[in-house]
Amino acid sequence: MPTTTPLSTPVLKKAIDRYYKELDEYKGRADYELAVRTAFLNLLAETAHQVKWMLIPEQTIEGGIRPDGVLRDSFDLKRGFWEAKGPQSDLDKEIARKIATGYPLINTIFENTKRAVLFQNKKRAYEYDLQNPKAVSDLLTQFFTYTEPDIATFEEAVQEFKERVPELARALLAIIEREYKLNKKFITAFDAFAELCRQALDPKISSDVINEMLIQHLLTERLFRTIFDNPDFITRNVIAAEIEKVIQALTSRVFNRHEFLKSLDRFYVAIEAAAKGIESWSERQHFLNTVYERFFQGYSVKRADTYGIVYTPQEIVDFMCASVEEVLQREFGTSVSEPGVQIIDPCVGTGSYMVNLLHRIPTHRLKYKYEHDFFCNEIMLLPYYIASLNIEHEFYTRIGEYESFEGICFTDTLELAEGRQIPLFVEENTGRVEREKAAQIMVVIGNPPYNMGQKNESENNKNRRYPVIDQRIHETYAKDSKATLTNKLYDSYVKFFRWATDRLQGRDGIVCFVSNNSFVNQIAFDSMRKHLLQDFTQIYHLDLHGNVRRNPKLSGTTHNVFGIQVGVGITIAIRSSWKPERKVLYYRVPETWNKTEKLNFLVEKANITYIDWLGLQPDEKNTWLTEGMHPEFVNFLPIGTKEIKVAKGVNAEAIFKLYSLGVVTSRDSHAYSFDLTQLRQQAITFIDIYNSAVDALKRRGKEIAPMSLVDATDPHIKWTRQVKASLIRLQYFDDFWNEERYQQHLIFPILTAEGENCVIVVSDHGHRAPFSVLATNIIPELHLLASTDAFQCFPYYVYTEDGSNRRENITDWALSQFQAKYGSEVTKWDIFHFVYAMMHHPQYRERYAENLKRDLPHIPLLHRKEAFLACVRIGKQLMDIHLHYEHANEYPLKWIENHDAPFSWRVEKMRLTPDRTAVIVNESLTLAGMPQECFQYRLGNRSALEWVIDQYQVSEDKRSEIASDPNNLDDEEYIVRLVRKVVTVSVETVRLVNELAQAVKMEDWMSETMEAN
Ligand SMILES: C[S@@+](CC[C@H](N)C(=O)[O-])C[C@H]1O[C@@H](n2cnc3c(N)ncnc32)[C@H](O)[C@@H]1O
């Protein structure tokens, strides 16, 4: 720990005298906590001053805890805590209460002016009688000279290291920022280094990221020196040496690095002691992996997320490396050990693939391979260090001499595709990058980051854009896609697939990645699948599952090999130009297997050879997994297609010309309300905050980063992508209340359109909740019927944006198809109603469930005219009751009043009884006799009735604290009436759907040539 200055006895005595005097002044006048604690506060503050600590009153610390005083040392590190209680309080009880809330007990005084209890190292250490000046003096001495003991075990040390990293990092950050103002040498060194980073890593790199590197370096460099037994690390490593120069400048004035780092002794001693006991290298590596992950989890959480900081389990690394070796031998008659077989890991992390592959090379070949054929890149400093050390250590243990590994580059792999020819950091690094670029890569292997940018724009954590790679994705994976939303194609892992494929530069070779595997079956990746099969001749995909969002019964931590939420798979894509036929080979491990079972499977199988691969037959839409799909579906009439939507003219081969997703506000709590006055107020506040940011930015001009002017945590506004973009354009707030409105301005451009127009809202492909459909004449939102899914709207009419020029949106092509089949009297409204009915047909939904997940609905023409007419009639009835649900009769539910409670209409949160026969409206009223068929009418995952129960409740948005209250004082009975009407609508819908199933059978659309199973 940092040295502590001894306390001077006379000064202490004076302070204690003053303390008693002050306490005396309160006596008899005010002896409650708030009054008397000032005396102790002054005593502590004064004594703290002596040892160069500082008392900070009422500061909220981790876990929302707010001690009466936090004592911080000159590095701003927390050294002690103080909690005061009133003289009348039962101190032991109060202590127990505090401990239960997780109060820190590192070095903590609890006192009530009579007694003090001192906790140290999480134990009750001493008690003092505060009426005795000698005891007060002992207490202060014990408190202010306390240093925390070394941590006993490795696990504890690593855990505590993770917990303390944020605090240590913040302390260093404050020092860096201070020195950047006062220390000329440091300013020059920092700026020069920043310029290098800009050229080498990211032209837009912020000083935060550079600060972070300095912090990572300062906090971990000792671990590498000692654990790897590599005392010269910081001089040998080309990047570390460069950073050292900046650190030297940082410490040239007042900052004493040695002194600061002493505060880490207690972690390091334990970690180092534990590392000494580790015999095998793989255990030591495991230890480093832990440091790698924990450091980022504890500190750069956002960047860890963006770059995918998680190490790859050894079993996966081993399986992939063994498979690559197998394919090299089998397909190309060569081997990892063969000179000239050049290999790259573009996202090296801790270097696990490189080390594993080097391990496979016979010693006599190792030097050549190490010097010529192995390459890897890393963008983050800490893993870059770890990878260098790991790889160099592998070489050292095999050959017995140190040789720096020239194949590793500190660079952004995706940036290399941009073809910039500039110095990349230091000369050595530039040279390395040039050498790497010239290499004839045959194998790309690794575990690319899977993050698709931030969930929330206010996080300022978006993935970076790469013009060249993004353009390549645009012209290949996106161009031929049938999907409406292709943003998933810009996920990092997809960029790495594109980069890796292009990096083979047309030669034969292998790309082997473990990654998010949404590309295997999601519709947005149809064109990516198509291109993969053009770029490669054989593609193996081992599906390791773990998609928690698709199967909520799974848990990320238990079932997913990376502990994440998205599905994971190993892809081995092979290009062998002498093999013309294309193959996709797929194997799926059981979905319910936990992580260990999956990893054991990989160990057991060792490489791709022993897996029972299933040959897939991709269909013409580039679907690989066609299980459960029925081929006749694609021959039915599509309700909409992407090509037709953008084509000129209306005479296209789909039922509807235009369709659109529902609107996205990205600020629902601000943009929706049951109360018009409240809504207006919310909007005004939001707009005011935003517009004043525009004013401020205008005043400050271009020299300031726009987001530095705003408080992204202000709950009254949400800084979404589009709000930020508008700020940067200095655009005042007018028409961008919605984040995305898609084509809704052509469907409901003006209020009157909401009366006359009507849209059929259906689940978009890729839905997770069951397929759903609903008609509405009000602007719908993107997730109308399920929060997990997007919904597409098919309008009857479309307009120009000013509300004029109303046109029917059903194509003439569709009309001619129907008229040819059923006669010229068929109208476009008939078609609209027919489509609505067919999408409610139970057999249609069941048979085509898998097709509907991958495609927009296709609607069959029915053989019999009576069946068609029945469908039109029932479709119209269904649409009428759904559009006019507020006019439905109130279902005669049984009215049960509870006379023990005063009668009220007010709804806080309604509930269904467990047997689902009644709705408890509130304490005073229950509506019973619920007909059970009303639960059969389901929209997404809920019945219509459950939607009403869920949506009509009093709630509060956590972030903005905006309350939502569905009760309307001018019409108190509304919600109860609504419940009864929705029951009628549900029962009626179920009746009509049953009638439909009777009137139209599957034979009505199936023909003999279609498979009838
Ligand atoms: C999932 S980890 C790889 C783990 C590695 N296989 C291991 O076992 O340690 C991904 C790594 O890629 C790095 N990375 C992410 N984007 C990168 C880029 N554009 N260029 C280079 N490295 C990148 C991250 O910093 C991270 O260390």
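Just so it is clear, the model here is predicted, and its values are computed rather than measured.

S.K.: Go over the overall build of the chain, please, and point to the residues and values.
M.R.: Assigned secondary structure in the chain consists of 36 helices and 31 strands. Relative to its length of 1013 residues, the chain is compact, with a C-alpha radius of gyration of 34 Å against a globular reference of 31 Å. Considering only C-alpha atoms, the chain reaches an extent of 105 × 85 × 55 Å along its principal axes. Burial analysis of the chain (1013 residues in total) assigns 56% to the buried set. Placing the 122 positive and 141 negative side-chain charges of the chain at their respective mean positions leaves the two points 2 Å apart.

S.K.: Summarise the nonpolar core; cite the residues concerned and give the values.
M.R.: Residues Phe-260, Ile-316, Phe-425, Ile-445, Leu-542 and Ile-570 are the most contacted members of the largest nonpolar core, which totals 121 residues. For Phe-260, the residues in contact, after removing those within four places along its chain, are Phe-75, Leu-77, Leu-168, Ala-171, Leu-172, Ile-175, Leu-219 and Phe-255. With 95 residues, the next largest nonpolar core counts Ile-655, Leu-774, Leu-912 and Leu-978 among its residues.

S.K.: I'd like a rundown of the sheet that holds strand 14 (residues 583–588), residues and numbers included.
M.R.: The mixed open sheet is built from 9 strands, whose spatial order is 9-8-7-10-11-13-12-14-15. Of all strands in the sheet, those bounded by a partner on one side alone are strand 9 (408–410) and strand 15 (614–616). With strand direction ignored, the average angle separating the axes of adjacent strands in the sheet is 20 degrees.

S.K.: Break down a positive patch on the surface for me, citing the residues and quoting the values.
M.R.: A cluster of basic side chains, namely Lys-488, Arg-549, Arg-550 and Arg-768, defines a positive patch on the protein surface. Along the chain, Arg-768 falls in the loop between strand 18 (759–763) and strand 19 (773–776).

S.K.: Tell me what's going on with the packing of helix 15 (residues 352–359) against helix 17 (residues 381–399), and back it up with residues and numbers.
M.R.: Where helix 15 contacts helix 17, the two axes come as close as 9 Å, and the packing angle between them is 20 degrees. Classed by the angle they form, the pair helix 15 and helix 17 counts as roughly parallel. Remark: the crossing between helix 15 and helix 17 carries right-handed chirality. Side by side, helix 15 and helix 17 meet where Met-354, Val-355, Leu-358 and His-359 of the first sit next to Asn-390, Ile-391, Glu-394 and Arg-398 of the second.

S.K.: Tell me about the site of the ligand, and name the residues and values.
M.R.: Taken together, 25 residues form the shell around the ligand, and within it Tyr-292, Thr-350, Ser-352, Glu-378 and Asp-412 come nearest. Between the ligand and the protein, one listed contact pairs an oxygen atom with a side-chain N or O atom of Glu-378 at 2.5 Å. Protein contacts shield 99% of the accessible area of the ligand, which totals 610 Å² for the unbound molecule. The residue makeup of the shell around the ligand, split by class, is 15 nonpolar, 8 polar and 2 charged.

S.K.: Describe the pairing of strand 4 (residues 107–111), with residues and values.
M.R.: Across the 5 residues that make up strand 4, a large majority, 5, are buried. Burial of strand 4 is two-sided: the residues Asn-107, Ile-109 and Glu-111 facing one way and the residues Thr-108 and Phe-110 facing the other way are all buried. The β-α-β motif built from strand 3 (residues 78–84), the intervening helix 3 (residues 91–100) and the parallel element strand 4 has right-handed crossover chirality. Judged from the 5 bridges that link them, strand 4 and strand 5 (residues 115–120) form a sheet pairing that is antiparallel. Within strand 5, the position partnered with Thr-108 by the bridge is Phe-119. Once strand 4 ends, the chain turns through 3 residues before running back antiparallel as strand 5, passing Thr-113 with a positive phi of about 70 degrees.

S.K.: Can you break down the side chain of Thr-220 residue by residue, with the values?
M.R.: In this fold, Thr-220 is placed in helix 7 (residues 207–227). Overall, Thr-220 belongs to the buried group, its relative accessible area being 0%. If sequence neighbours within four positions are ignored, Thr-220 has contacts with Tyr-268, Phe-295 and Leu-382.

S.K.: Lay out the packing of helix 35 (residues 944–951) against helix 36 (residues 974–999) with the relevant residues and their values.
M.R.: Where helix 35 meets helix 36, the closest approach of the two axes is 9 Å, and the angle between their N-to-C directions is 160 degrees. One finds that helix 35 runs roughly antiparallel with respect to helix 36. Seen along the crossing, helix 35 lies across helix 36 with a hand that is right-handed. Taking contact as the criterion, the partners of Ala-944, Leu-945 and Val-948 in helix 35 are, on helix 36, Leu-978, Val-979, Val-982, Val-983 and Ser-986. Classifying every residue of the contact of helix 35 with helix 36 gives 7 nonpolar, 1 polar and no charged.

S.K.: Which residues make up helix 7, and what values do they have?
M.R.: Over its 21 residues, helix 7 extends 30 Å from the first C-alpha to the last, a length consistent with the 30 Å expected when each residue adds 1.5 Å. Thr-220 marks where helix 7 bends most, by close to 45 degrees. Within helix 7, 17 of the 21 residues are buried, leaving the element largely enclosed by the surrounding structure. Looking at the residues trailing helix 7, positive phi occurs at Asp-229, about 55 degrees.

S.K.: Please provide a residue-by-residue account of the confidence of the model for the chain, values included.
M.R.: On average, residues of the chain score 88 in pLDDT, and 93% of them are at 70 or above. Across residues 453–461, confidence stays below pLDDT 50; counting only partners more than four residues off in sequence or on other chains, it has 23 contacts.

S.K.: Give me the lowdown on the sheet that holds strand 24 (residues 894–897), citing residues and values where you can.
M.R.: Sheet architecture is open: 4 strands sit in the order 24-27-26-25, paired in antiparallel fashion. Looking at the sheet topology across the chains shown, the edges are occupied by strand 24 and strand 25 (911–912). Looking at chain direction, strand 25 and strand 26 (residues 918–922) are connected through 2 bridges and run antiparallel. The residue bridging Arg-911 from the neighbouring strand is Ile-920, located in strand 26. Its contacts with the sheet put helix 36 on strand 24, strand 26 and strand 27 (925–928), and the angle it makes with strand 27 is roughly 10 degrees.

S.K.: Account for the packing of aromatic side chains, naming residues and giving values.
M.R.: Any pair of aromatic rings gets described here by the distance separating the centres and the angle formed by the planes. Under the counting rule described, the total for this entry stands at 49 aromatic pairs. Between the aromatic rings of Tyr-19 and Phe-40, the centroid separation amounts to 5.7 Å while the plane-to-plane angle is 80 degrees, which identifies the pairing as edge-to-face. Placement of the pair is Tyr-19 in helix 1 (residues 9–26) and Phe-40 in helix 2 (residues 33–50), with a sequence separation of 21 residues. Relative accessible area serves as the criterion here: at 2%, Tyr-19 is assigned to the buried category. Owing to a relative accessible area of 1%, Phe-40 belongs among the buried residues under this scheme. Ring geometry for Phe-674 and Tyr-952: centres 5.3 Å apart, planes at 50 degrees, overall tilted. Placement of Phe-674 in the loop between helix 26 (668–671) and helix 27 (676–700) and of Tyr-952 in the loop between helix 35 and strand 30 (955–956) is noted, with a sequence separation of 278 residues between them. Positioned over the ring face of Phe-536 is Arg-575, at 5.8 Å from the centre of the ring. It is Arg-806 that lies over the ring of Tyr-797; its NZ or CZ is 3.8 Å from the centre.

S.K.: Report on the pairing of strand 20 (residues 791–795), specifying residues and quantitative values.
M.R.: Burial analysis of strand 20 places 5 of its 5 residues in the buried class, which makes it a mostly covered element. Taking every second residue as pointing to the same face, both faces of strand 20 are buried, with Phe-791, Cys-793 and Pro-795 on one and Gln-792 and Phe-794 on the other. Both strand 17 (residues 660–661) and strand 20 contribute to a ladder of 2 bridges, which runs antiparallel. Counted as the bridge partner of Ser-660 is Cys-793 from strand 20. Direction of pairing for strand 18 relative to strand 20: antiparallel, over a ladder of 5 bridges. Paired with Val-759 across the strands is Pro-795, a residue of strand 20.

S.K.: Go over the environment of Met-838, please, and point to the residues and values.
M.R.: Considering the arrangement of structural elements, one finds Met-838 in helix 31 (residues 828–838). Residue classification places Met-838 among the buried positions, given a relative accessible area of 0%. Between the C-alpha atom of Met-838 and that of Ala-997, which follows or precedes it by 159 residues, the distance is 9.8 Å. Filtering out sequence-adjacent residues up to four positions away, Met-838 remains in contact with Tyr-844, Ile-859, Pro-860, Leu-862, Cys-871 and Trp-1005.

S.K.: Please set out the state of the cysteines residue by residue, giving values where relevant.
M.R.: One pass over the full model with this rule turns up 0 disulfides. Considering cysteine sulfurs only, Cys-321 is the nearest to Cys-512, which forms no disulfide, with 7.6 Å between them.

S.K.: Tell me about the pattern of salt bridges, and name the residues and values.
M.R.: By the definition in use, this model includes 57 salt bridges. Note that Glu-244 and Arg-257 form a salt bridge whose closest N and O atoms lie 2.9 Å from each other. With Glu-244 in helix 9 (residues 238–250) and Arg-257 in helix 10 (residues 257–262), the pair connects residues that are 13 residues apart, well separated along the chain. In this pair, the class of Glu-244 matches that of Arg-257, namely buried. The closest approach of N and O atoms between Asp-470 and Lys-495, which form a salt bridge, is 3.2 Å. Remark: Lys-495 occurs in helix 21 (residues 492–503) and Asp-470 occurs in helix 20 (residues 467–478); sequence separation between them is 25 residues. Among the residues examined, Asp-470 registers a relative accessible area of 13% and is labelled buried.

S.K.: Account for the side chain of His-559, with residues named and values stated.
M.R.: Following the sequence through the fold, His-559 ends up in helix 23 (residues 556–559). On the basis of relative accessible area, His-559 is assigned to the buried category, the value being 14%. Dropping the residues within four chain positions of it, His-559 is found in contact with Lys-553, Leu-554, Glu-591, Thr-592, Trp-593, Asn-594, Lys-595 and Lys-598.

The rules behind each value
- Residues numbered from 1 in each chain as written.
- Predicted model: local features only at pLDDT ≥ 70, side-chain atom pairs only at ≥ 80, totals over all residues.
- Heavy atoms only, no water.
- Helix = DSSP H or I, 4+ residues; strand = E, 2+ residues; numbered from the N terminus.
- Rg over C-alpha atoms; globule rule 2.2 N^0.38 Å.
- Buried < 20%, exposed > 50% of the residue type's maximum accessible area, 1.4 Å probe, protein only.
- Lys, Arg positive; Asp, Glu negative; His and termini not counted.
- Charge placed at Lys NZ, Arg CZ, Asp CG, Glu CD.
- Core = buried A, V, L, I, M, F, W, Y, C linked by side-chain atoms within 4.5 Å.
- Contact = heavy atoms within 4.5 Å.
- Pairing = 2+ DSSP bridges.
- Axes fitted to C-alpha atoms, helices over the stretch in contact; angles between N-to-C directions.
- Patch = residues over 30% accessible without salt bridge, like charges linked within 9 Å, V, L, I, M, F, W, Y side chains within 5 Å.
- Areas by Shrake-Rupley, 256 points an atom, 1.4 Å probe, with all protein chains shown as cover.
- Salt bridge = Lys/Arg side-chain N within 4 Å of Asp/Glu carboxyl O.
- Parallel < 35°, antiparallel > 145°, perpendicular 65-115°, else oblique.
- Left-handed = near helix turned anticlockwise from the far one by under 90°.
- Near = heavy atom within 4 Å.
- Polar contact = N/O pair within 3.5 Å; in protein donor to acceptor, adjacent residues only side chain to side chain.
- Nonpolar A, V, L, I, M, F, W, Y, C, P; charged D, E, K, R; others polar.
- Right-handed = clockwise from strand over helix to strand, strands pointing away.
- Expected span 1.5 Å × (residues − 1).
- Bend = angle between axes of the 7 residues up to and from the residue.
- pLDDT = per-residue confidence, 0-100.
- Phe/Tyr/Trp six-rings, centres within 6.5 Å; stacked < 30°, edge-to-face > 60°.
- Lys NZ or Arg CZ within 6 Å of the ring centre and 35° of its normal.
- Disulfide = S-S within 2.5 Å.

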